[in-house]
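Residues per chain, in single letters:
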Amino acid sequence: MSVISDVSFTRFGKRPEGLLDLAAESALPIVRKYGRDIDFIVFSNSYSGEFNDVSGVNNLISTRLSMDDVPSMRVDNTSGSGGSAVMVADSLIRSGNASNVLVIGAEKMTGYPTKKSTRIIASLLHPEERSAGISLPSLAAFMTRSYLKEFDAPRESVARVAVKNHHNGSLNPYAHFQSEVTLEEVMASRVIADPLRIFEFCPVSDGAVSMLMTSDENRDSFGNDHVEILGVGYSSGTSSLSYRDSLTTIGSVRRSSEMAFRRSKLTPNYMDVVELHDMAAVLEIIESEDAGFFKKGHGWEAVMNGETEIGGPRPINTSGGLNSKGHPIGASGVAQAGEIYLQITGKAEKRQIKDAHLGFSLSMAGFGNNATAIVYGGAS
Amino acid sequence: MNINRCRNCGTKFLVARSMCPKCGKEDFEHVPARSGIVLESVELIATPDPYPDRYYLVLLDVDDVKVFCRSQEKLKEGSQADIQDDELGPTCRKA
Ligand SMILES: [Zn+2]
């Protein structure tokens, strides 16, 4: 088994620093303590070529940290890079190929006009589909229309996800947005892809997060606060949107979650704290069903009843989610693991869930092209 | 815009593949997609470069294959639309 033994965040948001500056800012507190013990660096990042005009970023950061000879690799899996990076680190440790892994997730995305960044992100689509002028947010709009129609859900339920996540983000010192929004403000905000409005989408953000992952046997050399990786599930689904049967369920999310729960010998009911990939608010509802927390078509009711709030029976995205915390692509999945770590070790301060022992995260790539689901457990 | 059709088993799909996803054969014909039925349309305001600033994205059913097109006007669900390529990609309009 592998464990997470330390986590370090930068503030997410519009940052003046460059990609390597942000990555180093998050990694340094861990490297200062444990640098000599780290024998592998996994760097989660997707768009350094497109946004920052650099490649080979894993070696650039290892030299920046004066860990020049430490083996390193970049994990690129678009929006799901972070979950994949945690899976790779877990595999390296469990196979014996590495003992103590520094996982860094970082992305520097701001500074370009929205049209340009929308184009860069849309480059993960097939040309036959992309050429119609599709953006990732437009897919969330198709999904919302289908979901509301198929399950007779109120439009307000999707907006309520954004209200909840902005509240949670207001309690998270690392979040991009740290202020609440009302339902009225969400519904009056600018339409991006009808019917979805700007507060229902994640912002374009910069940011980084680092974690120290090690084996169960080595854990005592790395402090007293450890969170165990109890099960990882991974799945892909067709990258051709026109080849998908349904817009209201995501196969890769269903299969990866089922696998992670089977491997951890746990069920969704046991999870105290959950982080989902809410690039658009509607995705949180659909993933909460596909991961098994609610029956298909009932996730919206849980939101309306306040079940997914901090203090509710099924808290989701206590960090603020991508929606409010921000979505620096390579950092997001690592930040989900980081939030679960803070919750289980009792360090989540104002947004702390009482008696959080078990957690779940779902990191998704390219509107469901891949998903990594992880079940976490506390030592206490 | 063309739809791919497997000459062996008849499976149809939009995105280029080297092998048929159903039977694994590698022999396809390319059938022009000229019209379809509107399944859903979404008005997109924040559009990607180099597309215009505002348009409708339309999901069409073309002979049981889903196809995305760009339209300047809102198209009613269930209505018939004609497909035509412009310099950026597939567009559609009321039939
Ligand atoms: Zn065939």
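Note that the structure is a prediction, hence the values are computed from the model and not measured.

Got a minute to help me understand the nonpolar core in this structure?
One recurring pattern in soluble globular proteins: nonpolar side chains tend to sit buried together. All names here are of chain A. Membership of the largest hydrophobic core comes to 68 residues, with the highest contact counts inside it found for Met 271, Met 279 and Phe 360. Broken down by element, this core gets its largest block of residues, 8 residues, from helix H7 (residues 136-150). If you look at the next biggest cluster of nonpolar residues, it comprises 36 residues, including Val 86, Leu 92, Ile 229 and Ala 337.

For this particular structure, what's the right way to read the pattern of salt bridges?
Opposite charge on two side chains permits pairing when their charged atoms draw close. Residues and elements named next belong to chain A. Scanning the entire structure with this criterion turns up 28 salt bridges over all chains. For Glu 200, the salt bridge identified is with Arg 155, shortest N-O distance 2.7 Å. Of the two residues, Glu 200 is situated in the loop between strand S6 (196-197) and strand S7 (207-215) and Arg 155 in helix H8 (residues 155-169); the sequence distance between them amounts to 45 residues. The buried category is assigned to Arg 155, whose relative accessible area is 19%. The salt bridge partner of Arg 219 is Asp 216, with a shortest N-O separation of 2.3 Å. Judged by relative accessible area, Arg 219 falls into the buried class, the value being 12%. In the salt-bridge network here, residues are joined through shared partners; they are Arg 15, Glu 17 and Glu 25.

Help me out: how do you make sense of empty space enclosed by the protein in this one?
The gaps left among the atoms become clear once a water-sized probe is rolled over them. Residue and element names in this part refer to chain A. A complete count under the given rule lists 1 cavity of 30 Å³ or more for this structure. Taken as a whole, the largest cavity encloses approximately 50 Å³ of empty space. If you go around the largest cavity, the residues you meet are Met 143, Arg 244, Ser 246, Leu 247, Thr 249, Ile 250 and Phe 367. Split by residue class, the lining of the largest cavity holds 4 nonpolar, 2 polar and 1 charged.

In this structure, what is going on with the environment of Pro195(A)? I would like to understand it.
Mapping Pro195(A) onto the fold places it in the loop between strand S5 (191-193) and S6. Here Pro195(A) is in contact with Ala141(A), Thr144(A), Arg145(A), Arg155(A) and Glu200(A), once residues within four sequence places are set aside.

Before we go on, may I ask you to explain the side chain of Ser363(A) in this structure?
All names here are of chain A. Here Ser 363 shows up in strand S10 (residues 358-365). Under the relative-accessibility criterion, Ser 363 is labelled buried at 2%. In terms of polar contacts, Ser 363 uses its side chain to reach the backbone carbonyl oxygen of Gly 80, at 3.4 Å. What Ser 363 contacts, discounting residues up to four positions off in sequence, is Ser 79, Gly 80, Gly 82, Gly 83, His 277, Gly 333, Gln 336, Asn 370, Ala 371 and Thr 372.

Would you take a moment to explain the domain arrangement of chain B for this structure?
Interfaces are often sized by the amount of accessible area the parts lose when they come together. Residue and element names in this part refer to chain B. Domain boundaries in chain B define domain 1 (1-32) and domain 2 (33-94). Computed over C-alpha atoms only, the centres of domain 1 and domain 2 are separated by 22 Å. Residue-level contacts link 8 residues of domain 1 with 10 residues of domain 2. Buried surface at the junction of domain 1 and domain 2, both sides included, amounts to about 730 Å², of which 63% is carbon and sulfur.

So what exactly am I meant to see when it comes to the packing of helix H4 (residues 81-95) of chain A against helix H14 (residues 329-344) of chain A here?
Between two packed helices, both the angle of their axes relative to each other and the distance between the axes serve to describe the pair. Residue and element names in this part refer to chain A. Interhelical geometry of H4 versus H14 gives an angle of 60 degrees and a closest axis separation of 5 Å. Relative to H14, the element H4 lies oblique. On H14, the residues touching Ser 81, Gly 82, Gly 83 and Val 86 of H4 are Gly 330, Gly 333, Val 334 and Ala 337. Partitioned by chemical class, the residues of the contact of H4 with H14 number 3 nonpolar, 5 polar and no charged.

Where do I start with the interface of chain A and chain B in this structure?
Facing the 33 residues of chain A at the interface are 34 residues of chain B. Buried surface at the junction of chain A and chain B, both sides included, amounts to about 2,700 Å², of which 59% is carbon and sulfur. The largest contributions to the chain A side of the interface with chain B come from Lys115(A), Phe142(A) and Tyr243(A), which together make up 24% of the buried area. If you look at where chain A meets chain B, you find 4 salt bridges. Residue Asp49(B) pairs with Arg119(A) through a salt bridge whose shortest N-O separation is 3.2 Å. Counting the contacts that link chain A with chain B gives 17 residue pairs in polar contact (both at pLDDT 80 or more). Contributing elements (two or more residues each) for the side of chain A that touches chain B: helix H5 (114-122), helix H6 (127-130), H7 and S5 of chain A. For the side of chain A that touches chain B, the element with the highest residue contribution is H7(A), accounting for 7 residues. A class-by-class count of the residues in the side of chain A that touches chain B yields 11 nonpolar, 10 polar and 12 charged.

Scoring rules and cut-offs
- Residues numbered from 1 in each chain as written.
- Chains lettered and ligands numbered in written order.
- Predicted model: local features only at pLDDT ≥ 70, side-chain atom pairs only at ≥ 80, totals over all residues.
- Heavy atoms only, no water.
- Core = buried A, V, L, I, M, F, W, Y, C linked by side-chain atoms within 4.5 Å.
- Buried < 20%, exposed > 50% of the residue type's maximum accessible area, 1.4 Å probe, protein only.
- Helix = DSSP H or I, 4+ residues; strand = E, 2+ residues; numbered from the N terminus.
- Salt bridge = Lys/Arg side-chain N within 4 Å of Asp/Glu carboxyl O.
- 1 Å grid on protein atoms, 1.4 Å probe; cavity = no way out; pocket = protein on both sides within 12 Å on 5 of 7 lines; lining within 4 Å.
- Points joined across faces, edges and corners; volume = space filled by probe spheres on them.
- Nonpolar A, V, L, I, M, F, W, Y, C, P; charged D, E, K, R; others polar.
- Contact = heavy atoms within 4.5 Å.
- Polar contact = N/O pair within 3.5 Å; in protein donor to acceptor, adjacent residues only side chain to side chain.
- Domains from an automatic or database assignment.
- Buried area = accessible area lost by both parts, 1.4 Å probe.
- Axes fitted to C-alpha atoms, helices over the stretch in contact; angles between N-to-C directions.
- Parallel < 35°, antiparallel > 145°, perpendicular 65-115°, else oblique.

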